There are 2 protein chains.
Amino acid sequence: MATLEDLGVSAFINILGAFVFLILFAVLRIQPVNDRVYFPKLYLAGKRQHDHSARSAVRRFVNLNVCTYITFLSWVPGALRMTENELVAHAGLDSAVYLRIYTLGLKIFLPIAALALLVLIPVNVSGGTLLGLRKEVVFSNIDKLSISNVNPGSNRFFIHLLMAYVFTFWVCFMLYKEYSNVAFMRLHFLASQKRRADQFTVIVRNIPRISSHSTSETVDEFFRRNHPDHYLGQQPVYNANRYAKLVKKKERLQNWLDYYQLKFERHPEKRPTRRTGCFGFCGREVDQIDYYRARISELERKMASERQKVLNDPKAIMPVSFVTFDSRWGAAVCAQTQQSKNPTQWLTDWAPEPRDVYWQNLAIPFFSLSIRRFLISVAVFALVFFYMIPITFVQSLANLEGLEKVAPFLKPVIEVNVVKSFLQGFLPGLALKIFLYILPTVLMIMSKVEGYVSLSSLERRTASKYYYFMLVNVFLGSIIAGTAFEQLYYFLHQPPTQIPRTIGVGIPMKATFFMTYIMVDGWAGIANEILRVKPLVIYHLKNMFIVKTERDRERAMDPGSIGLGENLPSLQLYFLLGLVYAVVTPLLLPFIIIFFAFAFLVYRHQIINVYNQEYESAAAFWPQVHSRIIASLLISHVTLFGLMSTKKAAYSTPLLIFLPLLTIWFHKYCKSRFEPAFRKYPLEEAMEKDNMEHASEPNLNLKSFLANAYLHPIFHLFEEPAKEEESQETVEVRIDKAQQQQQQQHHHQEETHVRSSSQYHHEESHFRSTHETHYHHESHVSRSTQYHEGIHVRSDTDSPSPPHFIYHYDIQP
Amino acid sequence: MATLEDLGVSAFINILGAFVFLILFAVLRIQPVNDRVYFPKLYLAGKRQHDHSARSAVRRFVNLNVCTYITFLSWVPGALRMTENELVAHAGLDSAVYLRIYTLGLKIFLPIAALALLVLIPVNVSGGTLLGLRKEVVFSNIDKLSISNVNPGSNRFFIHLLMAYVFTFWVCFMLYKEYSNVAFMRLHFLASQKRRADQFTVIVRNIPRISSHSTSETVDEFFRRNHPDHYLGQQPVYNANRYAKLVKKKERLQNWLDYYQLKFERHPEKRPTRRTGCFGFCGREVDQIDYYRARISELERKMASERQKVLNDPKAIMPVSFVTFDSRWGAAVCAQTQQSKNPTQWLTDWAPEPRDVYWQNLAIPFFSLSIRRFLISVAVFALVFFYMIPITFVQSLANLEGLEKVAPFLKPVIEVNVVKSFLQGFLPGLALKIFLYILPTVLMIMSKVEGYVSLSSLERRTASKYYYFMLVNVFLGSIIAGTAFEQLYYFLHQPPTQIPRTIGVGIPMKATFFMTYIMVDGWAGIANEILRVKPLVIYHLKNMFIVKTERDRERAMDPGSIGLGENLPSLQLYFLLGLVYAVVTPLLLPFIIIFFAFAFLVYRHQIINVYNQEYESAAAFWPQVHSRIIASLLISHVTLFGLMSTKKAAYSTPLLIFLPLLTIWFHKYCKSRFEPAFRKYPLEEAMEKDNMEHASEPNLNLKSFLANAYLHPIFHLFEEPAKEEESQETVEVRIDKAQQQQQQQHHHQEETHVRSSSQYHHEESHFRSTHETHYHHESHVSRSTQYHEGIHVRSDTDSPSPPHFIYHYDIQP
């Protein structure tokens with residue numbers, strides 16, 4: 001049991017650590033060389049561009065302005081300055097609502113903490129048997145401030161019960177207000193949006209195969225018959241996985257070609273050559289530029305034929321289609337109704353927005369889907385409860401004697417002293433660390449296997465799986481010592497009434513552990529988040545070794561996204577801790593409040609300057625957040641129940657039984673009151689928007705607007721190349737090449753270059769100067785607000801120039 | 001532990017009892033005097049009418065044809081002769097599908113029983129330790145045939161496991177086939193139906209109040225805006241509860257008037273008189289006929305003013321409306337989509353057919369609804385687990401000493417010997433019996449409080465509540481001795497793994513109890529069902545004492561309905577018993593098979609000849625039947641699991657764990673594959689029907705067809721009286737009176753009357769002869785196929801003459 005002093009020391013160390021991180025961040029962020037690490041979102045949004053003005057070369061890498069070093073917290077007001085509406089416009093509704101989780105945490109826990117500290121701490125303190133010795137005792141043990149200090153059977157527990165009621169009502173009240181706010185924001189956001197393809201589009205899955213018809217004909221006929229007044233057209237989905245591979249390969253070759261051409265231009269005296277065989281060590285020597293040109297043109301022929309094959313072969317059309325309607329009303333009707341007599345065919349749902357579609361999962365048939373979901377839920381259960389079994393197995397292998405027995409041929413290597421000590425010290429923990437590190441990825445893969453068709457739903461599913469893992473292995477695992485497997489055994493062999501008791505007894509004892517957990521995982525994690533150590537290191541490493549062309553640097557700049565899959569569950573864990581400890585050990589609440597406040601600032605800053613959300617789901621994750629907080633409330637009731645029963649406060653049973661019942665009712669009510677806003681699209685709303693549009697743009701050609709919105713992104717790349725060459729908005733690889741050569745000749749003589757030590761670095765800076773304008777423009781269109789931009793252009797010109805998703809889909813993990 | 005001989009005796013007694021009942025039934029059913037007890041459905045369907053031909057008076061009461069007495073099972077071929085399609089046409093899809101539950105039982109249990117008896121019985125018998133003494137031992141104890149006889153740890157359990165898998169697969173296979181059949185039948189039924197008002201109508205609840213508008217205007221405006229192409233009109237719902245009371249009162253008075261008029265006509269010498277005060281014992285003497293005429297006319301004035309008030313007062317219009325569309329497509333779209341931004345307003349759903357509407361629940365607002373459902377679910381939980389508490393309390397009062405203490409003033413009465421012995425012998429059991437007798441009614445009231453708006457959903461909800469009660473109190477209550485309250489305590493204080501063990505150990509021991517239960521509750525219950533003892537007695541009692549007019553006799557004829565609320569749960573209990581015992585004690589299966597076969601015959605006969613289903617829900621109860629059988633499968637797996645763990649068959653655990661998992665997956669698959677057919681109406685189907693109708697009847701005036709379909713039934717009675725007087729199809733009380741007087745003068749002299757002992761009986765026979773044709777016609781229109789008939793008439797004449805629901809709504813429990 002830690003004393004208050006221990007805790008104070010721990011807090012001091014963590015605060016100091018966070019402080020150091022913040023100062024480091026303050027220094028690093030104002031160095032221009034780190035600009036793309038700390039402000040990628042601004043680059044993508046076009047709000048920040050490299051100024052290649054007459055600044056000195058050094059200044060382009062290091063900030064020499066002393067004034068800017070002094071105000072090391074200057075980013076805070078900047079992060080707070082943006083209003084919520086601006087934030088929605090800048091980073092989307094998802095990000096803005098994500099931040100509201102933190103403010104919700106503050107709104108919930110600030111009053112609760114105030115009340116708990118004012119009322120419960122005195123009650124707890126004075127409830128002890130050592131009342132006379134209060135001063136000395138209190139400060140030596142944190143338990144004296146918690147409910148543990150109250151004598152069993154004391155009437156003081158009435159105050160705790162009362163507080164439990166007050167806290168529950170307060171949480172429910174705040175949850176209700178927030179749900180209502182978010183639902184309103186969502187509807188408002190959807191209503192105030194510009195015309196978007198997904199408002200008119202419905203995804204149709206499991207289209208039955210009719211022998212004499214092609215899929216497109218079947219779809220056409222079906223919707224012409226059953227939605228005669230509103231059906232507009234359809235966009236078939238092609239199975240373009242092979243084609244996508246070719247595109248990727250060509251891009252890689254193109255990069256090498258760029259690299260060698262550049263090299264040649266800087267050293268015109270020597271054409272770069274290579275040998276054809278054995279990784280370039282033997283074989284005939286060929287000219288690199290010619291070699292890559294030849295391979296690219298060969299690949300282009302292949303691609304063209306593959307493309308024709310995909311577009312013309314009826315077998316390449318998958319039994320899925322994006323069906324468009326001439327009004328939002330028609331789409332809303334189709335998305336919400338059952339189409340076919342066989343409810344497993346013609347499944348309709350709202351189409352996710354084009355960049356949110358997860359194309360690989362579109363063609364999974366219904367039967368397979370139901371098996372997949374079932375198997376994955378079994379697998380998640382196994383993962384949550386039995387993950388320690390393979391890890392223990394690996395750890396037992398890491399036992400050196402065991403390893404030698406299993407693989408005797410390794411004996412000579414292991415016997416080396418250095419290797420031995422390394423293995424003995426490092427291996428056992430390694431397996432667990434690797435597992436925890438790859439866990440989110442594993443869960444994401446599981447979600448993909450489940451067959452969800454949008455990135456947003458995949459992230460939500462991952463989040464919920466991760467939450468179960470954390471709930472069992474972090475929360476319960478810390479309270480009931482032992483692995484989850486042992487817990488499961490324990491739960492099955494104990495009477496159900498015993499379980500809340502065990503947890504209830506364990507809860508107050510683990511308060512200090514969770515306080516430390518919040519400091520280490522929460523505070524330090526947030527400081528690490530703002531410093532972006534990993535992206536910082538990786539960016540500079542890439543810059544030094546991998547980056548060959550400007551396009552590579554574009555990729556090296558990794559804005560990332562909020563990462564709902566990992567962040568939502570840990571946030572929900574903090575809510576759980578706060579609610580469970582609010583009555584038991586109120587001293588934990590300030591730690592959580594500090595976390596929420598600090599994290600709010602940091603994430604607000606990051607959302608404004610760094611993250612680039614890959615999709616916009618219009619806060620579709622909120623119902624999950626809401627129900628997890630409700631679940632936390634219920635868990636807190638059960639633990640309080642168990643705790644009270646060990647405290648001989650028998651009268652509490654009937655009083656406590658109403659709390660969970662009321663909470664469940666509240667949840668049901670909220671669910672029916674607000675959840676439809678996140679699942680369905682009301683016809684009233686659709687009709688309103690339709691009418692407004694008809695009034696303002698009576699001659700709108702919707703068909704051409706929607707024509708290629710849902711084409712597989714890979715096809716946009718070479719779609720109508722003639723058209724694209726004219727357009728300045730859409731930049732394409734081949735056009736890059738042409739322009740590039742022009743520009744190179746142009747800029748080459750004018751610019752002054754600082755020669756840095758590394759040749760690659762040199763090339764990088766050179767490249768940046770020559771291709772800046774061009775590439776920034778490209779990145780602007782293709783990565784960040786590409787989608788909205790695309791629509792602007794199209795609605796203005798009435799000719800569909802498809803948006804570019806290629807980076808987006810390449811980058812996705 | 002009962003021996004086989006005990007069981008044989010019990011079976012013999014029950015079979016004998018059933019046989020006696022059947023012979024009684026065979027004799028009673030061919031007596032003309034019982035015609036209205038045993039063939040009410042045929043009367044209602046117009047397939048049977050009283051032949052008032054020249055038969056002798058005695059023959060009209062007693063069947064003297066000896067031949068008909070010999071073939072006492074002659075009703076069986078009659079019950080089987082009808083094909084399923086005829087059955088659907090005759091009694092509706094609900095009844096036909098209800099019978100399929102019995103055939104499903106036979107299809108499931110016949111092969112299982114054959115396999116179990118052939119394979120498991122030999123395995124069990126030879127598995128005993130007393131192998132040498134087999135012959136003597138086996139026939140002395142039923143347990144020797146069950147799994148209890150197999151030695152712990154024996155490898156023979158593999159055979160039981162294999163059988164469990166085979167049985168589960170077979171049950172799932174049959175369930176799948178049956179679900180698919182029923183879903184097809186439902187869609188086919190809906191598709192082949194004639195035009196019905198509910199196909200075009202959507203019920204809209206929770207219409208928001210807008211201050212400057214009336215509800216009707218609000219509805220009109222909203223749907224004109226959001227469904228401009230398909231909205232046709234609306235039928236507001238009036239709060240007519242007070243008016244309904246007046247109507248009832250008037251009817252009662254009318255009956256008395258009829259009675260006195262008749263009396264006067266038979267004894268013209270003496271006008272019936274009564275005194276005005278004190279139950280007719282004192283006060284001024286008045287003429288009865290004049291008195292009732294005066295009161296009726298006074299009441300009619302009241303009704304007229306009340307009617308005007310209801311129809312004109314905007315406050316009498318409830319925030320509910322039946323909205324009609326010009327096509328099935330439009331209604332399907334509106335029913336399945338969300339209308340308003342606030343998902344608790346403008347809730348739309350398919351309208352139940354008019355006779356299925358439960359009018360009283362229409363106006364419950366959303367918030368109240370969510371509270372009601374929550375409270376009722378808590379109440380049902382309390383009822384299931386704690387119902388013994390009040391009953392024990394009542395029983396403790398029935399303890400005479402206690403009663404004397406509580407109410408000392410009763411002492412002299414109690415001390416009387418007769419009273420004392422009566423109380424001591426009768427009272428303790430009485431409370432429980434009364435409770436069990438009124439339980440279905442209590443559950444129905446609870447369902448009504450929950451706020452469901454159709455009779456069919458009320459019955460389904462009652463059935464599921466009753467099922468929980470039976471599951472806990474009959475199934476678990478028999479296995480784990482003690483009240484449900486004690487069980488709950490036991491469950492909470494035992495480890496979860498212990499519970500299946502306890503049940504598993506208890507299961508084989510209770511086999512004989514459940515066999516006897518099946519015989520007493522099942523076999524005897526069915527025999528009682530066909531004899532209709534209660535309706536028979538009540539009908540004749542009413543005929544003797546209450547029936548004053550022919551209309552009273554109409555009411556005394558009580559066809560009843562299947563009673564899904566009570567019958568579904570007990571059927572589901574039999575499925576549960578069969579599945580649980582299939583592996584454990586296969587000898588129970590023949591009892592269940594006999595029950596299903598016998599019940600199938602009896603219910604088929606009753607559905608053809610007796611029951612008159614009050615509504616048609618198109619087999620909406622099937623998903624419940626399906627999921628209850630799945631639940632039974634899961635329970636059987638858990639009990640087997642527990643049993644195996646006590647039998648030291650540890651290897652069975654991993655093998656058994658897949659069974660429930662597979663079953664759950666199967667259930668989920670079936671749910672998504674078939675359940676939408678019972679909840680939604682596919683647009684494809686709607687469009688098809690619409691197009692067919694447009695082609696065949698291009699000039700259909702749908703608006704007038706739908707105009708008054710959903711008027712509160714109470715208004716139909718006095719709706720447009722002028723029109724009704726012309727029409728021969730719709731008979732109305734006042735018209736009765738006029739025609740009655742004519743007919744009386746006509747028939748009075750012609751007919752020969754048999755004077756029976758009772759004056760009432762005499763009147764009854766007299767009445768029957770004079771008013772037969774007229775009233776049969778009325779009953780035909782107003783009770784049985786009234787609804788379809790009503791539509792026929794209207795679609796032919798294009799003028800809406802509203803159907804009559806008054807009897808229907810009066811009779812409902």
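Residues numbered from 1 in each chain as written. Chains lettered and ligands numbered in written order. Predicted model: local features only at pLDDT ≥ 70, side-chain atom pairs only at ≥ 80, totals over all residues. Heavy atoms only, no water.

**Examining the overall build of chain A**
Turning to step 1, where the next piece is worked out: Per the secondary structure count, chain A includes 36 helices and six strands.
Turning to step 2, where the next piece is worked out: Each of the 813 residues in chain A was classed as buried or not, and the buried ones make up 55%.
Turning to step 3, where the next piece is worked out: In chain A, 82% of the contacts between residues at least 6 apart in sequence involve partners at least 24 apart.
Turning to step 4, where the next piece is worked out: With the model as given, the accessible surface of chain A reaches about 35400 Å², and the carbon-plus-sulfur share is 63%. (Helix = DSSP H or I, 4+ residues; strand = E, 2+ residues; numbered from the N terminus. Buried < 20%, exposed > 50% of the residue type's maximum accessible area, 1.4 Å probe, protein only. Contact = heavy atoms within 4.5 Å. Areas by Shrake-Rupley, 256 points an atom, 1.4 Å probe, with all protein chains shown as cover.)

**Focus on unusual backbone geometry**
Residues and elements named next belong to chain A.
Turning to step 1, where the next piece is worked out: Positioned with a positive phi, Trp346 is a non-glycine residue whose angle comes to about 50°.
Turning to step 2, where the next piece is worked out: When you line up the elements, Trp346 lands in the loop between helix H12 (328-336) and strand S6 (347-350).
Turning to step 3, where the next piece is worked out: A positive phi angle is found at Ala619, which is not glycine, with a value near 65°.
Turning to step 4, where the next piece is worked out: Residue placement: Ala619 occurs in the loop between helix H25 (589-609) and helix H26 (622-646).

**Things to note about the interface of chain B and chain A**
Turning to step 1, where the next piece is worked out: Between chain B and chain A, the residue contacts involve 49 residues of the former and 49 residues of the latter.
Turning to step 2, where the next piece is worked out: Contact between chain B and chain A buries roughly 4400 Å² in total, counting both sides, with carbon and sulfur atoms accounting for 64%.
Turning to step 3, where the next piece is worked out: For the interface between chain B and chain A, the tally reads four salt bridges.
Turning to step 4, where the next piece is worked out: A salt bridge links Glu688(A) to Lys341(B); the nearest nitrogen and oxygen atoms lie 3.4 Å apart.
Turning to step 5, where the next piece is worked out: At the surface where chain B touches chain A, the tally comes to 17 residue pairs in polar contact (both at pLDDT 80 or more). (Buried area = accessible area lost by both parts, 1.4 Å probe. Salt bridge = Lys/Arg side-chain N within 4 Å of Asp/Glu carboxyl O. Polar contact = N/O pair within 3.5 Å; in protein donor to acceptor, adjacent residues only side chain to side chain.)

**Some points on the packing of aromatic side chains**
Turning to step 1, where the next piece is worked out: Here the structure, examined in full by the defined rule, presents 82 aromatic pairs over all chains.
Turning to step 2, where the next piece is worked out: With a centroid separation of 5.2 Å and an interplanar angle of 70°, the aromatic rings of Phe513(A) and Phe514(A) are classed as edge-to-face.
Turning to step 3, where the next piece is worked out: A relative accessible area of 38% places Phe513(A) in the partly exposed class.
Turning to step 4, where the next piece is worked out: Relative accessible area serves as the criterion here: at 1%, Phe514(A) is assigned to the buried category.
Turning to step 5, where the next piece is worked out: Seen in terms of ring centroids, Phe109(B) and Phe596(B) are 6.1 Å apart; in terms of plane orientation they differ by 15°. Their pairing is stacked. Residue Phe109(B) is found in helix H6 (residues 84-126), and its partner Phe596(B) is found in helix H25 (residues 589-609); the two are separated by 487 residues along the sequence.
Turning to step 6, where the next piece is worked out: Note on Phe596(B): relative accessible area 0%, which makes it buried.
Turning to step 7, where the next piece is worked out: Here the aromatic cluster, defined as three or more aromatic residues joined through ring pairs, consists of Tyr98(A), Tyr102(A), Phe109(A), Tyr574(A), Phe575(A), Phe595(A), Phe596(A), Tyr603(A) and Tyr611(A). (Phe/Tyr/Trp six-rings, centres within 6.5 Å; stacked < 30°, edge-to-face > 60°.)

**Focus on the sheet that holds strand S5 (residues 317-325) of chain B**
Residue and element names in this part refer to chain B.
Turning to step 1, where the next piece is worked out: The strand order S2-S5-S1-S6 describes an open sheet built from four strands, whose pairing is antiparallel. Each edge of the open sheet is held by one strand with a lone partner, namely strand S2 (231-238) and strand S6 (347-350). The mean angle between the axes of side-by-side strands here comes to 30°, regardless of whether they run parallel or antiparallel. (Pairing = 2+ DSSP bridges. Axes fitted to C-alpha atoms, helices over the stretch in contact; angles between N-to-C directions.)

**Some words on the packing of helix H12 (residues 328-336) of chain B against helix H29 (residues 683-696) of chain B**
Helix-helix packing is described using two parameters, namely the angle between the two axes and the distance between the axes.
Residues and elements named next belong to chain B.
Turning to step 1, where the next piece is worked out: Two numbers describe how H12 lies on H29: the axes approach to 8 Å, and their chain directions differ by 155°. The orientation of H12 relative to H29 falls into the category roughly antiparallel. Together, Arg328, Trp329, Ala332 and Val333 of H12 and Leu683, Ala686, Met687, Lys689, Asp690 and Glu693 of H29 make up the contact between the two elements.
Turning to step 2, where the next piece is worked out: When grouped by side-chain class, the residues that make up the contact of H12 with H29 number six nonpolar, no polar and four charged. (Parallel < 35°, antiparallel > 145°, perpendicular 65-115°, else oblique. Nonpolar A, V, L, I, M, F, W, Y, C, P; charged D, E, K, R; others polar.)

**Section: the relation of the copies chain B and chain A**
Turning to step 1, where the next piece is worked out: Under the fitted operation, chain B is carried onto chain A by 0.0 Å of movement along the axis and a turn of 180°, and the coordinates agree to an RMSD of 0.1 Å. With respect to symmetry, the two chain copies, as superposed, fit the operation of a two-fold axis. No C-alpha of chain B approaches the rotation axis more nearly than that of Pro495(B), which lies at 1.8 Å.
Turning to step 2, where the next piece is worked out: Both copies present the same face, since 100% of the interface residues in chain B are matched by interface residues at the equivalent positions in chain A. (Least-squares fit on C-alpha atoms with pLDDT ≥ 70 in both.)

**Here's the deal with a nonpolar patch on the surface**
Turning to step 1, where the next piece is worked out: Taken together, the side chains of Val9(A), Phe12(A), Ile13(A), Leu16(A), Val20(A) and Leu24(A) present a nonpolar region at the surface, about 570 Å² in accessible area.
Turning to step 2, where the next piece is worked out: Examined against the element boundaries, Ile13(A) turns out to sit in helix H1 (residues 4-29). (Patch = residues over 30% accessible without salt bridge, like charges linked within 9 Å, V, L, I, M, F, W, Y side chains within 5 Å.)

**Points about the side chain of Arg186(A)**
All names here are of chain A.
Turning to step 1, where the next piece is worked out: Secondary-structure assignment places Arg186 in helix H8 (residues 157-192).
Turning to step 2, where the next piece is worked out: One buried charged residue, Arg186, remains without a salt bridge, the closest side chain of opposite sign being Asp94 at 6.8 Å.
Turning to step 3, where the next piece is worked out: Excluding anything up to four places from it in sequence, Arg186 contacts Leu93, Ser617, Ala618, Ala619, Ala620, Ala677 and Phe678. (Lys, Arg positive; Asp, Glu negative; His and termini not counted.)

**Quick look at the domain arrangement of chain A**
Residues and elements named next belong to chain A.
Turning to step 1, where the next piece is worked out: Per the domain assignment, the segments of chain A are domain 1 (4-195 + 365-687) and domain 2 (197-352).
Turning to step 2, where the next piece is worked out: The partner domain 2 presents 20 residues to the 21 residues of domain 1 that form the contact.
Turning to step 3, where the next piece is worked out: Taken over both partners, the interface formed by domain 1 and domain 2 buries close to 1800 Å², and the fraction arising from carbon and sulfur atoms is 61%.
Turning to step 4, where the next piece is worked out: Of all the secondary structure elements, the ones that give two or more residues to the side of domain 1 that touches domain 2 are helix H13 (366-386), helix H23 (550-556) and helix H29 (683-696).
Turning to step 5, where the next piece is worked out: By residue class, the composition of the side of domain 1 that touches domain 2 is nine nonpolar, four polar and eight charged. (Domains from an automatic or database assignment.)

**Observations regarding helix H21 (residues 511-531) of chain B**
Turning to step 1, where the next piece is worked out: Here H21(B) contains 21 residues, and its C-alpha end-to-end distance of 29 Å stays within 8% of the 30 Å for a straight helix at 1.5 Å per residue.
Turning to step 2, where the next piece is worked out: A positive phi of about 50° marks Arg532(B), the residue just after H21(B). (Expected span 1.5 Å × (residues − 1).)

**Side note on the nonpolar core**
A general feature of soluble globular proteins is that nonpolar side chains tend to end up buried together.
Turning to step 1, where the next piece is worked out: Counting residues in hydrophobic clusters, the biggest one holds 355 residues, and the most contacted among them are Tyr98(A), Phe475(A), Tyr98(B) and Phe475(B).
Turning to step 2, where the next piece is worked out: Each residue touching Tyr98(A), except ones within four places of it in the same chain, is listed here: Ile562(A), Leu564(A), Asn567(A), Leu568(A), Leu571(A), Tyr603(A), Ile607(A) and Phe621(A). (Core = buried A, V, L, I, M, F, W, Y, C linked by side-chain atoms within 4.5 Å.)

**Topic: the pairing of strand S1 (residues 201-205) of chain A**
All names here are of chain A.
Turning to step 1, where the next piece is worked out: Of all the five residues making up S1, five are buried; the element is thus mostly covered by neighbouring parts of the structure.
Turning to step 2, where the next piece is worked out: By the alternation rule, side chains of S1 split into Thr201, Ile203 and Arg205 and Val202 and Val204, which are all buried.
Turning to step 3, where the next piece is worked out: When S1 meets S6, the two strands line up antiparallel, connected through four bridges. When the bridges of S6 are listed, Arg205 appears paired with Leu347.

**Describing the sheet that holds S1(A)**
All names here are of chain A.
Turning to step 1, where the next piece is worked out: Here four strands make up an open sheet; going across it, the order is S2-S5-S1-S6 and the pairing antiparallel. Looking at which strands have only one partner, the edges of the open sheet turn out to be strand S2 (231-238) and S6. The mean angle between the axes of side-by-side strands here comes to 30°, regardless of whether they run parallel or antiparallel.
Turning to step 2, where the next piece is worked out: Direction of pairing for S2 relative to strand S5 (residues 317-325): antiparallel, over a ladder of six bridges. Bridged to Gln234 within S5 is Val323.

**Description of the environment of Lys542(A)**
Turning to step 1, where the next piece is worked out: In this structure, Lys542(A) sits in helix H22 (residues 533-545).
Turning to step 2, where the next piece is worked out: Taking the C-alpha atoms as reference points, Lys542(A) and Arg293(A), separated by 249 residues in sequence, lie 26 Å from one another.

**Some remarks on the pairing of S5(A)**
Each regular strand shows side chains that alternate between the opposite faces of the sheet.
Residues and elements named next belong to chain A.
Turning to step 1, where the next piece is worked out: Summarising burial for S5: nine of the nine residues are buried, a large majority.
Turning to step 2, where the next piece is worked out: In this structure, S1 lies alongside S5, joined through four bridges in antiparallel fashion. Across the sheet, Val202 pairs through a bridge with Val323, a residue of S5.

**Things to note about the pattern of salt bridges**
Turning to step 1, where the next piece is worked out: For the structure on display, the rule yields 28 salt bridges over all chains.
Turning to step 2, where the next piece is worked out: Across the pair Lys250(B) and Glu300(B) runs a salt bridge whose closest N-O atoms are separated by 3.1 Å. Placement of the pair is Lys250(B) in helix H10 (residues 241-266) and Glu300(B) in helix H11 (residues 288-312), with a sequence separation of 50 residues.
Turning to step 3, where the next piece is worked out: A relative accessible area of 4% means that Lys250(B) is categorised as buried.
Turning to step 4, where the next piece is worked out: Looking at Glu300(B), the relative accessible area reads 26%, which means it is partly exposed.
Turning to step 5, where the next piece is worked out: One salt-bridge network, held together by shared partners, links Glu84(A), Arg100(A), Lys107(A) and Glu178(A).

**Quick look at helix H11 (residues 288-312) of chain A**
Since one α-helical turn is 3.6 residues long, residues separated by three or four positions face the same way.
Turning to step 1, where the next piece is worked out: In a regular helix each residue adds 1.5 Å, so 25 residues correspond to 36 Å; H11(A) covers 36 Å between its end C-alpha atoms and thus fits that length.
Turning to step 2, where the next piece is worked out: Among the residues of H11(A), Gln288(A), Ile289(A), Tyr292(A), Ile296(A), Leu299(A), Met303(A), Glu306(A), Arg307(A) and Val310(A) are the ones counted as buried.

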